[in-house]
Amino acid sequence: MPGIDKLPIEETLEDSPQTRSLLGVFEEDAAAISNYVNQLFQAMHRVYDAQNELSAATHLTSKLLKEYEKQLSSCHAVLSTQLADAMMFPITQFKERDLKEILTLKEVFQIASNDHDAAIIRYSRLSKRRENEKIKAEVTEDVYTSRKKQHQTMMHYFCALNTLQYKKKIAVLEPLLGYMQAQISFFKMGSENLTEQLEEFLTNIGTSVQNVRREMECEIENMQQTIEDLEVASDPLYLPDPDPVKFPVHRNLTRKAGYLNARNKTGLVSSSWERQFYFTQGGNLMSQARGDVAGGLVMDIDNCSVMAVDCEDRRYCFQITSFDGKKSSILQAESKKDYEEWICTINNISKQIYLSENPEEIAARVNQSALEAVTPSPSFQQRHESMRPTVQPRPPAARTSSTGSLGSESAALSALSLDSLVAPDTPIQFDIISPVSEDLPGQAKSSGQSGRRTNPFGETGGSKSETEDSILHQLFIVRFLGSMEVKSDESPDVVYETMRQILAARAIHNIFRMTESHLLVTCDCLKLIDPQTQVTRLRFPLPNVVLYATHQENKRLFGFVLRTSGGRADSRQTSICYIFESNNEGEKICDSVGLAKQIAFHAELVRISLGDIILVNGREKAYLVCVIEYSLQDAYRRRNAVVENSKGFAL
């Protein structure tokens, strides 16, 4: 029947706040119907009692009036019987059977919902470090049983509430129709003055009631069939962690909703977890409590970063950090499937894919490109050329003096192939090797510098730090994505290609974890410092950093190439490219590294004065030209050559 609102039985398993809110509307309607029927029942009961009293009074009167005894007594007795059958019986049955069934189902549903919430809480508290298979199996079985019970109870409760929408029309009309038909029969026995219009009206009412009853029976049959189909289809979903083969992860989502456990800090070291309904809305992450009508803003996830984290003793935890790094939130998913889908969805939203006309299609294309990125292809040259940013030609005089500048171009780079940049089978390191006891190749381990607690600004517990004399100290928050050996360090395209391969490998192998560190930039070196313990994880000497660049489009990504030697026994030089993610500060970090190299370069020029150079056959002129025209490391090599050729003369 048009105009009849119904509860969606298909959404009972999701159990979202919107479904609960709609359920509350139907429950309020059922309570209003119950209140109205109680008042109507009392009014009709008074009519019924009055008719019985009238019947008894007429019977007594008929005894006094012998000539009217049979006629009056029989008429009122028939009316009383008809009122009992046609008016009191339907409303009593609706009040005692249907409304009580709604109240009973409501109590059963509330109990099942509370049992399910308790089972989910116990499952969320399962330890991943001290796993007990017996306890885990018991808790899993408990979640399965309680979720199945809640789902079945909720579906039957929805069915009863939907049926009530039909029955409330009948429950009011049938007693009134019975009352009027009894009155008509009563008056027909005494008089034939009723018009045909009233009879036609009552006939139409009766026909309408029968039509509603038939539609209700058909709808009940359809809802029962829907319940049976949903029970069969939803059985695998009752498990808290469904089979990944039957239910694969969807990585192209740009919208997602579901329940998550959010960590709330209650002290310096203590925290509590709260289960809430989360959903994405455009570029925002929203949350909604079970009883709320609308959700509230949690965080703007445009250009945000998301990564897996180890949080206390809980599984499937991930952290979302805003683009400016000022706000972060740690959430726990119920299953591994939800955990990976939330991370993929937030990653897709952070790239602002949702603003396009077909966001899921574009997300699928981006993920497919990531899969193809690490697949060797004979057409790499065309793909590499298409990815190269368009650079306006510069005049010959506009030369850059920094090897890490993004404007530096190499004429031979256009002919480079994949093997000229990165070897096809080069392994990728996805995590930082810490502590610092594993020094860089070719570096001697200095005493007292390995793994000690350091202050990022040069204070080391009373001893003089190697960075105290540096006039530049800049600190940035970064997350390590990976590193790999490269075959060339002449152009920023090497950094772009390394970024592409590392990001693609992370997407293919489902690696979401990143190590967060503090990057300290000084005039001597770059340091990666543990933010909790202040222990130096890695140290990169500044002269060895030969190339640095940020991503052309995503300014959160940056990387640099470190040139190292194999040590005393092995004089072979290797180049390793390190890739990081920052809080939208990639260009600032590159500018800081460039400034540090310029300060170190000018400091070296000041230190090397003309008085330190012995004039030997005009070699000082060649050396000064070398210092001006080439980088600092080339100046070192040429200066050593000058010293060796001077035959006894030293600087």
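Further up the page is the structure itself.
Asks: Just to check I follow, could you spell out the overall build of the chain for this structure?
Replies: Counting its secondary structure elements, the chain contains 12 helices and 16 strands. Among the 651 residues that make up the chain, the fraction classed as buried is 42%. At a minimum sequence separation of 6, the contacts of the chain that also span at least 24 residues come to 68%. When the accessible surface of the chain is summed, it comes to about 35,300 Å², and 53% of that surface belongs to carbon and sulfur atoms.

Asks: I'm lost on the sheet that holds strand E4 (residues 296–300) in this one. Help?
Replies: Across a sheet, strands are paired by hydrogen bonds formed along the backbone, either parallel or antiparallel in direction. If you walk across this open sheet you meet the seven strands as E4-E3-E2-E1-E7-E6-E5, and the pairing is antiparallel. The sheet is open, and its two borders are formed by E4 and strand E5 (305–308), each paired with just one other strand. The average angle at which neighbouring strand axes cross in this sheet is 40°, direction not considered. Of the pairings in the sheet, the one linking strand E2 (residues 271–281) to strand E3 (residues 284–288) comprises five bridges and is antiparallel in character. Pairing of Thr280 across the sheet is with Leu285, part of E3.

Asks: Which parts of the structure should I look at to understand the pattern of salt bridges?
Replies: Close approach of charged atoms allows side chains with opposite charge to pair. Counted according to the given criterion, the structure contains 22 salt bridges. Notably, a salt bridge pairs Asp98 with Lys167, separated by 2.8 Å at the nearest N-O pair. Taken together, the residues Asp98 in helix H2 (residues 69–124) and Lys167 in helix H3 (residues 133–190) connect sequence positions 69 residues apart. Since its relative accessible area comes to 7%, Asp98 is described here as buried. When salt bridges that share partners are traced, they join Asp15, Arg20, Asp117, Arg275 and Arg290 into one network.

Asks: Would you mind going over the side chain of Thr163 with me for this structure?
Replies: By the secondary structure assignment, Thr163 is in helix H3. Side-chain polar atoms of Thr163 contact the backbone oxygen of Cys159, separated by 2.7 Å. Discounting chain neighbours no more than four positions away, the residues touching Thr163 are Met216, Ile220 and Met223.

Asks: Just to check I follow, could you spell out unusual backbone geometry for this structure?
Replies: Peptide bonds are mostly trans, and most non-glycine residues show a negative phi. For Asn303, which is not glycine, the phi torsion reads 60° and is therefore positive. According to the relative accessible area criterion, Asn303 is partly exposed, its value standing at 34%. The backbone of Tyr316 shows a phi angle near 55°, a positive value even though the residue is not glycine. Within the secondary structure, Tyr316 is located in the loop between E5 and strand E6 (317–321). Classification of Tyr316 by relative accessible area gives buried; the value is 19%.

Asks: So what exactly am I meant to see when it comes to the nonpolar core here?
Replies: Note that soluble globular proteins tend to have their nonpolar side chains buried in a common cluster. Judged by nonpolar contacts, the single largest core of 35 residues is most densely connected at Ile9, Leu23, Phe94, Ile102, Tyr157, Leu161 and Leu164. Taken together, the elements giving at least two residues each to this core come down to helix H1 (17–64), H2, H3 and helix H4 (196–234). Counting residues per element, this core draws most heavily on H3, at 12 residues. In terms of nonpolar packing, the next biggest core, distinct from the first, is built from 25 residues, Leu472, Val521, Phe560 and Leu562 among them.

Asks: Quick question: what am I supposed to make of the sheet that holds strand E10 (residues 474–486) here?
Replies: Here seven strands make up an open sheet; going across it, the order is E13-E12-E11-E10-E16-E15-E14 and the pairing antiparallel. Only two strands of the sheet have a single neighbouring strand rather than two, namely strand E13 (536–541) and strand E14 (545–550). The average undirected angle you get between the axes of adjacent strands in this sheet is 30°. In this sheet, strand E16 (residues 573–582) lies alongside strand E15 (residues 557–565) in antiparallel orientation, the contact comprising nine bridges. When the sheet's bridge partners are listed, Gly559 is paired in E16 with Ile579. Strands in contact with helix H10 (residues 586–607) are E10, strand E11 (515–521), strand E12 (525–529), E14, E15 and E16; relative to E14, the strand with the most contacts, it is inclined by about 155°.

Asks: Looking at this structure, I do not really get helix H9 (residues 493–508). What am I missing?
Replies: Since the α-helix turns once every 3.6 residues, residues separated by three or four places project in the same direction. An ideal rise of 1.5 Å per residue puts 22 Å on 16 residues; H9 measures up with 22 Å between its terminal C-alpha atoms. By the criterion of burial, H9 is predominantly enclosed, with 13 of the 16 residues buried. Within two residues after H9, Asn510 carries a phi angle of roughly 55°, on the positive side.

Asks: Would you mind showing me how to read the side chain of Ser113 here?
Replies: By the secondary structure assignment, Ser113 is in helix H2. A residue is classified by how much of its surface remains accessible, and Ser113, at 1% relative accessible area, is buried. For Ser113, the contacting residues outside a window of four places in its chain are Arg20, Gln150 and Arg290.

Asks: How should the environment of Ile184 be read in this particular structure?
Replies: The topology assignment puts Ile184 in helix H3. In this structure Ile184 comes out as buried when scored by relative accessible area, which is 12%.

Asks: Would you explain the state of the cysteines in this entry?
Replies: As used here, a disulfide is simply a covalent bond connecting the sulfur atoms of two cysteines. This model, assessed by the stated rule, comprises zero disulfides. Cysteine Cys525 is unpaired, with the sulfur of Cys523 as its nearest cysteine sulfur at 9.9 Å.

Asks: Explanation requested: the pairing of E6 in the structure shown.
Replies: Put simply, side chains in a regular strand alternate between the two faces of the sheet. With five of five residues buried, E6 lies mostly within the body of the structure. Burial along E6 is two-sided: the face carrying Cys317, Gln319 and Thr321 and the face carrying Phe318 and Ile320 are both buried. Relative to E6, E5 is paired through four bridges, and the arrangement is antiparallel. By the bridge assignment for E6, Met307 is matched with Gln319. Bridging between E6 and strand E7 (residues 328–332) involves five bridges; their strand directions are antiparallel. Following the sheet pairing, Gln319 is matched in E7 by Ile330. Here E6 hands over to E7 after six residues, with Gly325 in that stretch at a positive phi of 75°.

Asks: Before we go on, may I ask you to explain the packing of aromatic side chains in this structure?
Replies: The description of an aromatic ring pair uses the distance of the two centres, along with the angle that the planes make with each other. One pass over the full model with this rule turns up 13 aromatic pairs. Aromatic pair Phe318 and Tyr339: ring centres 6.5 Å apart, planes at 55°, arrangement tilted. With Phe318 in strand E6 and Tyr339 in helix H5 (residues 336–350), this pair connects stretches of sequence that are 21 residues apart. Each member of the pair, Phe318 as well as Tyr339, is classed as buried. Pairing Phe560 with Phe580 gives two aromatic rings, centres 5.9 Å apart and planes at 20°, and the pair type is stacked. Taken together, the residues span a long stretch of sequence, with Phe560 in strand E15 and Phe580 in strand E16 at a distance of 20 residues. Phe560 sits in the buried class, given a relative accessible area of 3%. Judged by its relative accessible area of 1%, Phe580 falls in the buried class. Grouped by ring-pair contacts, the aromatic residues Phe480, Phe540, Phe558, Phe560, Tyr578 and Phe580 constitute a single cluster. Against the face of Phe41 rests Lys95, its NZ or CZ located 5.4 Å from the ring centre. For Arg275, the ring lying beneath its charged end belongs to Tyr259, and the centroid distance is 4.3 Å.

Each value, and the rule that gives it
Residues numbered from 1 in each chain as written. Predicted model: local features only at pLDDT ≥ 70, side-chain atom pairs only at ≥ 80, totals over all residues. Heavy atoms only, no water. Helix = DSSP H or I, 4+ residues; strand = E, 2+ residues; numbered from the N terminus. Buried < 20%, exposed > 50% of the residue type's maximum accessible area, 1.4 Å probe, protein only. Contact = heavy atoms within 4.5 Å. Areas by Shrake-Rupley, 256 points an atom, 1.4 Å probe, with all protein chains shown as cover. Pairing = 2+ DSSP bridges. Axes fitted to C-alpha atoms, helices over the stretch in contact; angles between N-to-C directions. Salt bridge = Lys/Arg side-chain N within 4 Å of Asp/Glu carboxyl O. Polar contact = N/O pair within 3.5 Å; in protein donor to acceptor, adjacent residues only side chain to side chain. Core = buried A, V, L, I, M, F, W, Y, C linked by side-chain atoms within 4.5 Å. Expected span 1.5 Å × (residues − 1). Disulfide = S-S within 2.5 Å. Phe/Tyr/Trp six-rings, centres within 6.5 Å; stacked < 30°, edge-to-face > 60°. Lys NZ or Arg CZ within 6 Å of the ring centre and 35° of its normal.

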